[in-house]
Amino acid sequence: LVQDEVELVLQVNGKLRGSLAVPAAADKAAIEALVLASEVAQKHLEGKAPKKLVVVPGRLVNIVL
C-alpha cells in the first residue's frame, strides 16, 4: 500500500497548532512553501517572517518566530 499524501503536524514555537496534508513525494522546499501558505501558519505569523523553519519530512514542521 502506497500513500499519495502524508499528514504533517504543524507546530508554532514548539506548540501543536494543526496539521497539513502534503504530497508524499514533496521535498523540503515544497513542504516549506505549502506550510507558509497555509491558513494556520498565516494566522500565527501575523505578517512577520519566521526566524527558522524545521522540517522533518513525513512527520512535522515547526515554525520558530
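Just so it is clear, the model here is predicted, and its values are computed rather than measured. (Residues numbered from 1 in each chain as written. Predicted model: local features only at pLDDT ≥ 70, side-chain atom pairs only at ≥ 80, totals over all residues. Heavy atoms only, no water.)

Caption draft 1: Structural detail: the sheet that holds strand β3 (residues 52-56). Spatial strand order, β2-β1-β4-β3: four strands in an open sheet with mixed pairing. Pairing within the sheet leaves two strands with one partner each, and these edge strands are β2 (15-23) and β3. Here the average twist between neighbouring strands, direction ignored, is 20°. Its contacts with the sheet place helix α1 (residues 28-37) against β1 (5-12), β2, β3 and β4 (60-64), and it is angled at close to 120° to β3. (Pairing = 2+ DSSP bridges. Helix = DSSP H or I, 4+ residues; strand = E, 2+ residues; numbered from the N terminus. Axes fitted to C-alpha atoms, helices over the stretch in contact; angles between N-to-C directions. Contact = heavy atoms within 4.5 Å.)

Caption draft 2: Structural context of the pairing of β2. Across eight bridges, the pairing between β1 and β2 is antiparallel. From the neighbouring strand, Glu-7 faces β2, where its bridge partner is Ala-21. Where β1 folds back onto β2 in an antiparallel hairpin, the turn is made up of two residues, including Asn-13, whose phi is positive at roughly 55°.

Caption draft 3: Summary view of the pairing of β1. The pairing of β1 with β4 spans four bridges and is classified as parallel. The partner of Leu-10 across the bridge, within β4, is Val-61.

Caption draft 4: Region of the structure containing unusual backbone geometry. For Asn-13, which is not glycine, the phi torsion reads 55° and is therefore positive. Within the fold, Asn-13 resides in the loop between β1 and β2. By relative accessible area, which is 44% here, Asn-13 ends up partly exposed. Unlike most non-glycine residues, Glu-46 shows phi in positive territory, near 50°. Looking at the secondary structure, you find Glu-46 in the loop between α2 (39-45) and β3. Glu-46 gets classed as exposed once you look at its relative accessible area, which sits at 61%. (Buried < 20%, exposed > 50% of the residue type's maximum accessible area, 1.4 Å probe, protein only.)

Caption draft 5: Looking closely at the environment of Ser-38. Within the fold, Ser-38 resides in the loop between α1 and α2. Relative accessible area serves as the criterion here: at 10%, Ser-38 is assigned to the buried category. Separated by 18 residues in sequence, Ser-38 and Leu-20 place their C-alpha atoms 8.1 Å apart. Side-chain polar atoms of Ser-38 contact the backbone nitrogen of Ala-41, separated by 3.4 Å. (Polar contact = N/O pair within 3.5 Å; in protein donor to acceptor, adjacent residues only side chain to side chain.)

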